[in-house]
Amino acid sequence: MISELRNKIIDLSNEITSAISEATNINDVEDIRINSLGKKGTITLYLKNLREYDEASKKEIGALINDTKNKINQLIIDKKSFFKTKILNEKLITEKIDVTLTPHENEIGTLHPLSRTIEEICAIFSDMDFSIVDGPDIETDYYNFTALNIPLEHPARQEHDTFYLQPDINGNRKVLRTHTSPVQIRTMEKIDLENFDEIRYIIPGRTYRSDHDATHSPMFHQCEGLVLGKSINMGHLKGCLIDFCRTYFNVDDLPVRFRPSYFPFTEPSAEVDIGCKKEKDGSLSIGSGEDWLEILGSGMVHPRVLEGVGIDPSKYQGFAFGMGLERLTMLKYGIPDLRPFYDSDLRWLKHYGFMPVDNPSLHSGLNGVWS
Ligand code: DAH
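Here goes a summary of the coordinates provided. (Residues numbered from 1 in each chain as written. Predicted model: local features only at pLDDT ≥ 70, side-chain atom pairs only at ≥ 80, totals over all residues. Heavy atoms only, no water.)

## Section: the site of the ligand
Next, step 1: As a matter of local geometry, the ligand sits amid 15 residues, with His179, Ser181, Arg209, Gln222 and Glu224 nearest to it.
Next, step 2: In the environment of the ligand, an oxygen atom lies 3.0 Å from a nitrogen or oxygen atom belonging to the side chain of Gln222.
Next, step 3: In this structure, Phe321 approaches the ligand through a main-chain N or O atom, which is 3.3 Å from an oxygen atom.
Next, step 4: At the level of secondary structure, the elements contributing two or more residues to the shell around the ligand comprise β5 (219-229), β9 (291-301) and β10 (317-324).
Next, step 5: Residue composition of the shell around the ligand, grouped by class: four nonpolar, nine polar and two charged. (Near = heavy atom within 4 Å. Polar contact = N/O pair within 3.5 Å; in protein donor to acceptor, adjacent residues only side chain to side chain. Helix = DSSP H or I, 4+ residues; strand = E, 2+ residues; numbered from the N terminus. Nonpolar A, V, L, I, M, F, W, Y, C, P; charged D, E, K, R; others polar.)

In structure tokens:
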């Protein structure tokens, strides 16, 4: 009886051993482990049934089962590690990457010129202690117009200029913001008036108007600026924007002109022009010549705008400015047409795009701008 049992266990051990040696993958080995050593495994069952035997048999058979169990366990561990090594070696061969291989020229991505302009502007203003904030693309009429002192009958509010969303149940229509100026209001609303000395913000972002031709796109980008403090005046506005224009266009003595203008949210308001020469072939040389080119709008924040956000205009004044980023990009890099900016044409991107590593940043320096 005992010898019969012993033979059965030896047969089982041989059977499992050969199954392990014939296994062709790690999953088969795991199945064998479960079927032999698992809770209901064949070897485990023999161990469970031990209590049916007398003491002497228990000792002999118990030792045999334990030896078998340990042997099978070891075989399983060895076979699994064999497959793991095999899988790894196969991966090392098939997934080999030649890091010395030059990538195919057409596969190098480039940075969109507009992205470069945004990074460059952020770097220039960060260096003047400005922080960068953003706001929602979908605005309320209040932030986009009313809070900025834009009257109800103003042409910018008209349907053919502005994209309106469907009115809600109360009849209020949201707009795709037509400029980045509403973020001025959102920023000023967050000011802690008890502990407020000065703020400097720029707000780059997407804007929308119902316009489409060689120099206008229904979606375009602007960068807004806002400085507010106890003694901010027009001199600060001029100094800041002259420095910005000269740094951005990389011309130390770039002529900059402030031309009186009108914006509902600033008083006084000024349009900023830079000196240039319009060549006979239509091209532009920035920095020299008799001609002027308008590049941004600016002004002292209107007292009514300040009052609207609870700021006392007799205690705080500020200046604001707004510029079109496509225009600044086209001027700096001599790009004649706006429309291909959003076509994702790889030939255009390759021609006008920048290598990501060439991109100016505060820590890497502004690519010669400062040198
Ligand atoms: N929001 C104006 C526009 O879209 C640009 C602008 C002009 C912004 C003067 C300003 C500013 O902050 O002071 O045409």
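## Things to note about the pattern of salt bridges
Next, step 1: Counted by the stated rule, this structure contains 18 salt bridges.
Next, step 2: Notably, a salt bridge pairs Glu198 with Arg200, separated by 2.7 Å at the nearest N-O pair.
Next, step 3: Arg259 serves as the salt-bridge partner of Glu294, at 4.0 Å between the closest nitrogen and oxygen. You can see Glu294 sitting in strand β9 and its partner Arg259 sitting in strand β6 (residues 256-263), a full 35 residues away along the chain. (Salt bridge = Lys/Arg side-chain N within 4 Å of Asp/Glu carboxyl O.)

## Some remarks on the environment of Lys350
Next, step 1: Within the secondary structure layout, Lys350 lies in helix α11 (residues 346-352).
Next, step 2: Among the residues examined, Lys350 registers a relative accessible area of 45% and is labelled partly exposed.
Next, step 3: Placed 55 residues apart in sequence, Lys350 and Ile295 show a C-alpha to C-alpha distance of 27 Å. (Buried < 20%, exposed > 50% of the residue type's maximum accessible area, 1.4 Å probe, protein only.)

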